[in-house]
Structures are given as C-alpha cells and as structure tokens.
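Commentary on secondary and tertiary structure
Okay, here's what each chain looks like letter by letter:
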Amino acid sequence: MSILEAIMMIKTEVSFKKGNLEKAIVIGGGMAGLLSARVLSDYYEEVLIIEKDDLPVKPEIRAGTPQAFHPHRFTPRGKMIIERLFPGFNDELLACGAPSTQNKMIHQTNQYGSLAMPNTENDATFSRALLEWVCRQRVKKISNVQFLTKVDVIGLLMTSDQTVVTGVHVREREQLGQQKTFGANLVIDTSGRSSKLGKWLQHLGFDVPNPDILKVSLGYSTRHYKIPSHLSVNWDVIRIAGDPSNRSLTGVFSTIENNIAETVLYSPGGHYPTTNVAEYEQEIAKLADPLIAEVLQELEPITVPRGYRVTELFRHHFEKMEQWPSGLLVLGDAFCNFDPIFGQGITMAAIEAEMLESCLREQRNYPSPYFERNMLQKMNEIVEPAWWLNCVADLPWKGVSYVGTPLKGSEFAQKYFELYIKHATTKHNFELYGLYWAVNTLLLPLDKIINSQMLAAILASEETSSESKELLWALSKACGQTLDEQLSQLIPPFPSTAYEHLNA
C-alpha cells in the first residue's frame, strides 16, 4: 500500500466510524435522483437535491422530462427494488387512481403470430407524472432530505490539487442568475441525458474516455384517449411489434390513471412516426395486427399525437479513467441511457440505487480507499448486460449503427433471438416468451434463454427453417466441440454483479 493510499484509508475509516457523514448533493430530481436521495438519507445527515425545474404541486409533467408524455412501466425487478425502498409504493399508485393489471389480458403480436395471456399481477399502470409525483412525495417526507429548485449546477467545486470534489457551483434561474457554491462530502450526478459531467471533468484537466454510442435515430409518437365511464377495457397491454425487414412501426396500447388510454407508435433508424392527427390513425390502422385500431374505435381522442426523438444513446466509460476525483459519483441516464421502448431506464436507475446502497453499507462496515472508483466499476458491471441487450435489439434495424467497444456475440444473438421468438410464438409457449422479457428487463441472466439445452430444443423444432441454418452457420465458426463450448466463445460472460438479487 502506498503512502497516499494509507492516508486515504485513515481518512475514510475516521469519517465512516463517526456515523452518518455530513452532506450529500444530488444533481437532478428525476427518478434516479429521488431513488439515490432515498438511499443517501440513511448514510448522510443532510441530502440536498438540486433541480433545475420548478416542481409540480400535483401529478403533472415536469418541464425537464420531454419523454414524460410517453408510456412508462415498471418491470418486475424495478418494482421489487422500489417497493423495498418505499414500502407500499404500488398500493399508493393504485390509491391515486392508477389502474391495476390484474386479470387483464396481455397481447403480443410479431411477424410470426400472436400470443395472448392473462396478467395475474396486481401492478399499477401509470403516467410518468404520477410515478414521479408519488416518489417525490415519499422523498419529501424524509426529514434530512431537502429540495433546491430552479437552480442550474454549472460546475464542480474541487480541492486545489483537483483530487476531491467538495461541492458544486450553481446559478439561480431567478434573481438575475446569481451564482453560489454549496459544499458536500459527496456529489452524485443524476441529471440525465443532458448531463455536463464529461465536459466539466475535461475542463478540469481530466482525460475522459469516449463513450460507446448507439446511433439509433429513434422516434416516438404518443396520443391519449379518454375511456368512457360505461366502458371496461380488459387489456393490460397490446404490443404489436414492428419488423426490421420492412421497417414497419411498433404500436403499443395501455391504460393509465384518470381513465386514460395511451398509444405509442415507435421506430428506430430514422423512420419517424407521424404527429399529424389524420395520418396517426392511418398508421395505427396499418399495424401488423388490427387489434389496437379496433379498441380505439370506442375511445375518444383527448390530445394530438406528440413526438419524441432521440438521435443517439450513449454509455460512458468513466470507470476507465486513470484519475477519478473522490467525492463524486454518477448514476442513471447520465452514466448510460437506453432505448425507452424496452422499459429499462427506471429499472436501471433502481438497480444502480440499490448498488449505491450496497456499496455504502460495505464502506461503512469495511472502509477502504477509492470508494468512488470501486463504485464506478460495479456500476459498469450492472450496466453492461442492459446495454448489450439494447444494442442487440436495435442494430437489426436499417439506419441504426454502433461506435464503441466491440459487442461480443451481437450478430449471433440477433439470429438466436429471432429464432427464439419465432419458436415461442408459433408454439404458443407463454413461458418461453415470458423468459425472453424477463431477460431483457434484467430480472434473469442471459443464460436462462441462451444455453445448450434451449438451443438444441429450438434447433430440433426449427431444423428446416432458414433462420436455423443461419444460426448453425454462426455456431460453426466458434471453437469448441460441444454446444456449451461454442456458446461460451460467442456470448459475453456478464458479471454476476448485475444479478445479485437472485441470491438475496
């Protein structure tokens, strides 16, 4: 151990053994920021959330969330974590008027056919506005958490040797842009896609690696409908998947609070759905399955279609930096962001907050130097499978491209998933289809659906198809005598860190 490491070890042990640390600052009051603040409140005497927007006093869209009008859902893992951090959270959403999914039907259509199954879970379905409002009300009740609104964070406050972040520089949006500084023992950036952390670090002289970039050019178009009081909508979700081979749109129908239904049309690769009222209904009618169009005939449109565009998704590699200042962390979309159609964003924010909690607990019990750098390494490990799955799903679409760290096995996985979905759909195997979504929403690891037994069963069932021949050709290029050996050459071995909940 070097002298510097020894000094840092002593400082760390003293600070954590004192009990709660003094102050933490969270940049951004979205879901990642709120979940982080909840975790930090158990370890810091004071937690300050600095938010650039004014916060709504009721469930309304916050100005800084342009995606808030569009659909949001819990995944099972996301719900699991949030329920633990905020017991009774789902019941509170239901009490606020969010409909339940229980005994409603899930309908999935893709290019191979359709599946329909009942949802047995009593999950709330909600708007982003309601979700964030309920979460924010919970956080506001925590006595040592405070909010500072209508304030922009414009930079990091550092020690003279630029090894420790000691706070932030801010500018108030009112009072003629007055600038101030706020000190803290820890600063966490959860400011989302608009984060300026990379630029701040570069300005301070740090060497920041280039991020991985998925040039996805994705577009959404969402419209809301009123459900008449006399009508009972028995659909939880209707999802009609687009086909990359002909660039057809994906359409999704679901319900939220206040007897409102929402539909979203989606496509990556620069093929943007319309926001024109008449053309929107025509595009819904052209979906591969007429079910959404049929359901909408009984509903009343209450908004025009609203668009949302994302040019790029990115994954930062702060964990690769040779120098990283202590007192600084980054979570949520500011670290890595995802294609919203897969519902991974809030789930990843929850997983990262849970990781923060685990690392703080370990640091309190067994203090060690370089806490923040170790945390970044673990953050990268839990982000890795989600990013890989996201890229694998989007890259088959024409117009989508990738620049960054090589994606091991992505081409094989695309062929495998195509055959897997075909097999599950044509055999009407609800369990296999559910496993696919459980893996893609990070509830289960990849090997639950990519393993030698599953591969052999699918190949036996689809032995004459062109997809199976392509998959066999891809396998033939891998080293190894057995399927397990071939798969180990093709598929990345994701760290177990991402699935620690399975052993909890």
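Structural data are supplied above this passage.
A few points on the structure. (Residues numbered from 1 in each chain as written. Predicted model: local features only at pLDDT ≥ 70, side-chain atom pairs only at ≥ 80, totals over all residues. Heavy atoms only, no water.)

**As for the environment of N246**
Our working rule: Strands here are runs of E lasting at least two residues and helices are runs of H or I lasting at least four, both read from the DSSP assignment and numbered beginning at the N terminus. Contacts described as polar in this section are N or O atom pairs within 3.5 Å, which, within protein, must combine one atom able to donate a hydrogen with one able to accept it, while residues neighboring in sequence count only if both atoms come from side chains.
Looking at the element boundaries, N246 is found in the loop between strand 11 (235-240) and strand 12 (250-256). Measuring from C-alpha to C-alpha, the distance between N246 and G345 comes to 28 Å, with 99 residues separating the pair along the chain. At 2.9 Å, the side chain of N246 forms a polar contact with the side chain of S248.

**What about the side chain of R223?**
Basically, it comes down to this: Remark: exposure states derive from per-residue accessible area (1.4 Å probe, protein chains only) relative to the maximum for the residue type, with buried under 20%, exposed over 50%, and partly exposed in between. By definition in these notes, contact holds between two residues if any of their heavy atoms fall within 4.5 Å.
With respect to the secondary-structure elements, R223 resides in strand 10 (residues 212-226). With relative accessibility at 7%, the residue R223 sits in the buried group. Separated by 2.7 Å, the side chain of R223 and the backbone oxygen of T303 make a polar contact. In this view, R223 contacts F69, A261, E262, T263, V277, Y280, E281, P301, T303, V304 and P305; residues no more than four positions away in its chain are not counted.

**Here's the deal with the sheet that holds strand 6 (residues 151-158)**
This is how the line gets drawn: A pair of strands counts as paired when DSSP detects no fewer than two bridges linking them. Only the contacting stretch of a helix is used when fitting its axis, a line to C-alpha atoms as for every element, and angles between N-to-C directions run 0 to 180 degrees.
Ordered by their spatial adjacency, three strands build an open sheet running 6-7-8, and the pairing between neighbours is antiparallel. For this open sheet the edge positions go to strand 6 and strand 8 (179-183), each flanked by a neighbour on one side alone. Taking each pair of neighbouring strands and ignoring which way they run, the sheet shows an average axis angle of 30 degrees. Bridge count between strand 7 (residues 165-172) and strand 8: five bridges; the pairing is antiparallel. Counted as the bridge partner of V170 is K180 from strand 8.

**A closer look at the pairing of strand 9 (residues 186-189)**
What you see with strand 9 is no split at all: L186 and I188 on one side and V187 and D189 on the other are buried throughout. Note that strand 9 and strand 16 (residues 328-330) share three bridges and pair parallel. Residue pairing for strand 16: V187 is matched across the bridge by L328.

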